[in-house]
Amino acid sequence: MTHLSMEALLGLREPGLEPGAATAREHLNQCPLCQAELDRLHQRVARLKALPPLRPGRDRWPETAARYKAERRRRRSRMAVLTGLATAASLAVVVGIGRMTQPASPTGEELHQTMERSQALENALSAYNPEGRVLDGRTARMAQELEDRIARVDRELEATELLPQEPPQDQLLQLWRERVGLLDALVDVHVTRASNAGL
Amino acid sequence: MDSSLLANAQTVVARARTGDPEALASLYRAFEVPVYNLARRICRTAEDAEDVLQETFFEVCRSIGRYREEGSLWGWVRTIAASKALMRIRRNKYRDTDELHDEFVGQRQEDTHLRMDLEAALERLSETSRAVVWLHDVEGYTHEEIASMMGKTPSFSKSQLARAHARLRVWLGEEGTL
């Protein structure tokens, strides 16, 4: 008597009707050896399911979170370039009209300059590549704290962009200034650490 | 999984979508072990599995805004994890061929009295076979779903599963007719 192959036995466990399933079932009903084999297969799968979960040897969240934050910051930076361009374009119109009518508000121009400064600092950080370097504990903590604060400012900036009406420019300016200040400090932390360590 | 997260899953997901670091950390804590377990069962080394864990949650953080809540949150995270683990085994390009395993089976045939435990036997399977066994038998994916994730056919998945079980049966010292 030809017994069922492993593939045929596995096919019997599938929810749909596998090709040859009817014949295989017919054989199974008459063959105690194949029934025992199917039982062993069920038991093996049950044992696989019952294996204890394996746990990671170390916490990977800090690295994952830092990588995500850095990516958000880069995304924010790219958005800033686009927003900056849009602001510059609208500023040109405002200044053009302003020259004809009244003096332009300095806020728009300052906002544009602050965004540019933010972009320059992002570029400096990107060139320095802090993620690819090993930091001592104190520097890492300081950098992490600054990254957290930058992330908070970025969330606030994103929230203002979701507002149905145009956000007040002085509010945007304040957030961008805060961002530049924090980025400045972050560059300082990395560069000071690099020069102290002679890197 | 962390039941406190599951009870507040909607709130946590809503907060995670805004980039709230605490909510994202909660997602990580809730699914860290099942994701790592899945990755570790598929990947050859603990380091690879940890990398898959990180890749998975990086993707979760980036894509949580696209999670539509149509299926379970774990189902969504698990699909990302499975896909990252399969990408990892493809990228590693280990000598994941049957040569090693046939050689090993040859040795085993001489000392079939020596039983292996299930963990060790699972570890001995090729990465591809182990991935199919784990995804199908434990995680409950269909052959069609596995084939789609692996870029192969359902027949490939079925034959990998059959060969893997035939080997496990021998290595576990299970007596039978096949």
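The model shown is predicted, which means the values in this text are computed figures rather than measured ones.

Trainee: Would you mind showing me how to read the nonpolar core here?
Mentor: Most often, soluble globular proteins keep nonpolar side chains buried together rather than apart. The biggest cluster of nonpolar side chains holds 56 residues, and the ones touching the most others in it are Leu-27, Ala-39, Ala-81 and Ala-85 of chain B. Once residues within four sequence positions are removed from consideration, Ala-81 of chain B is found in contact with Val-35, Leu-38, Ala-39, Val-52 and Thr-56 of chain B. Among the nonpolar cores identified, the runner-up in size contains 16 residues, and Ile-150, Leu-172, Leu-182 and Leu-183 of chain A belong to it.

Trainee: Would you mind showing me how to read the interface of chain A and chain B here?
Mentor: Accessible area lost upon the coming together of the parts serves often as the stated size of an interface. Every contact between the two is made by 32 residues of chain A and, on the other side, 34 residues of chain B. For the side of chain A that touches chain B, the secondary structure elements donating two or more residues are helix H1 (6–13), helix H3 (32–49), helix H4 (61–100) and helix H6 (137–161) of chain A. If you tally residues by element for the side of chain A that touches chain B, the top one is H3 of chain A, at eleven residues. Grouping the constituent residues of the side of chain A that touches chain B by class yields 16 nonpolar, four polar and twelve charged.

Trainee: Honestly, helix H3 (residues 21–42) of chain B in this entry has me stumped. Any pointers?
Mentor: In an α-helix, one turn spans 3.6 residues; hence positions three or four apart end up facing the same way. Residue and element names in this part refer to chain B. A rise of 1.5 Å per residue sets the reference length of H3, with its 22 residues, at 32 Å; its end C-alpha atoms lie 29 Å apart and thus fit the reference within 8%. A maximum bend of about 55° is found in H3 at Phe-31, where proline Pro-34 lies one to four positions downstream. Counting buried residues along H3, 16 of its 22 residues qualify, which places the element largely inside the surrounding structure.

Trainee: I would appreciate a short explanation of the packing of helix H2 (residues 9–17) of chain B against H3 of chain B in the present structure.
Mentor: Residues and elements named next belong to chain B. Contact pair H2 / H3: the axes reach a minimum separation of 7 Å and the direction vectors enclose 125°. Considering their axes alone, H2 and H3 lie oblique with respect to each other. Considering how the two elements wind past one another, H2 and H3 form a crossing that is left-handed. Across from Val-12, Arg-15 and Ala-16 in H2, the residues of H3 making contact are Ala-23, Leu-24, Ser-26 and Leu-27. Looking at side-chain class alone, the contact of H2 with H3 contains five nonpolar, one polar and one charged residues.

Trainee: Explain the confidence of the model for chain A to me, please; I cannot follow it from the model alone.
Mentor: Interpretation of this model should avoid reading the predicted coordinates in detail wherever pLDDT is low. Looking at chain A as a whole, its pLDDT mean stands at 78, while 72% of the residues score no less than 70. Ranking the elements of chain A by mean pLDDT puts H4 of chain A last, at 67, and H3 of chain A first, at 94.

Trainee: Where do I start with the environment of Arg-88 of chain B in this structure?
Mentor: Residue and element names in this part refer to chain B. Take Arg-88: it is sitting in helix H5 (residues 73–92). With 20 C-beta atoms packed within 10 Å, Arg-88 lands in the buried category. Taking the C-alpha atoms as reference, Arg-88 lies 8.8 Å from Asp-51; in sequence the two are 37 residues apart. Other than its neighbours up to four places away in sequence, Arg-88 contacts Cys-43, Asp-48, Asp-51 and Val-52.

The rules behind the values
- In every chain, residue numbers begin from 1 and rise along the written sequence.
- Whichever chain is written first is A, and whichever ligand is written first is 1; the rest continue in order.
- This being a predicted model, a pLDDT of at least 70 is required before a residue's local features are given, and a value of 80 or more before pairs of side-chain atoms are given or counted; all residues contribute to the totals for chains, interfaces and linings.
- Connectivity within a nonpolar core runs through C-beta atoms within 7 Å, and the core itself is a set of buried Ala, Val, Leu, Ile, Met, Phe, Trp, Tyr and Cys residues.
- The burial criterion counts other C-beta atoms lying within 10 Å of a residue's C-beta, which is placed from the backbone; the residue is buried at 20 or more, exposed at 12 or fewer, and partly exposed between these limits.
- Placing a C-beta atom from the backbone of each residue, one calls two residues in contact when those atoms lie within 7 Å.
- Working definition: helices are DSSP H or I runs of at least four residues, strands are E runs of at least two. Numbering for both runs from the N terminus.
- Each residue gets one of three labels, nonpolar for Ala, Val, Leu, Ile, Met, Phe, Trp, Tyr, Cys and Pro, charged for Asp, Glu, Lys and Arg, and polar for the others, Gly among them.
- Given the number of residues in a helix, its expected span is that number minus one, multiplied by 1.5 Å.
- The angle separating two fitted axes, one through the seven residues that finish at a residue and one through the seven that start at it, defines the bend at that residue.
- Structural elements are reduced to axes, namely lines fitted to C-alpha atoms, with helices fitted over the stretch in contact, and the angle between N-to-C directions of any two is expressed from 0 to 180 degrees.
- Orientation is classified from the angle alone, with under 35 degrees giving roughly parallel, over 145 giving roughly antiparallel, 65 to 115 giving roughly perpendicular, and any other angle giving oblique.
- Two helices crossing with the near one rotated counterclockwise from the far one by less than a right angle form a left-handed crossing, whereas a clockwise rotation gives a right-handed crossing.
- For every residue, the pLDDT score states the predictor's confidence, bounded by 0 at the bottom and 100 at the top.

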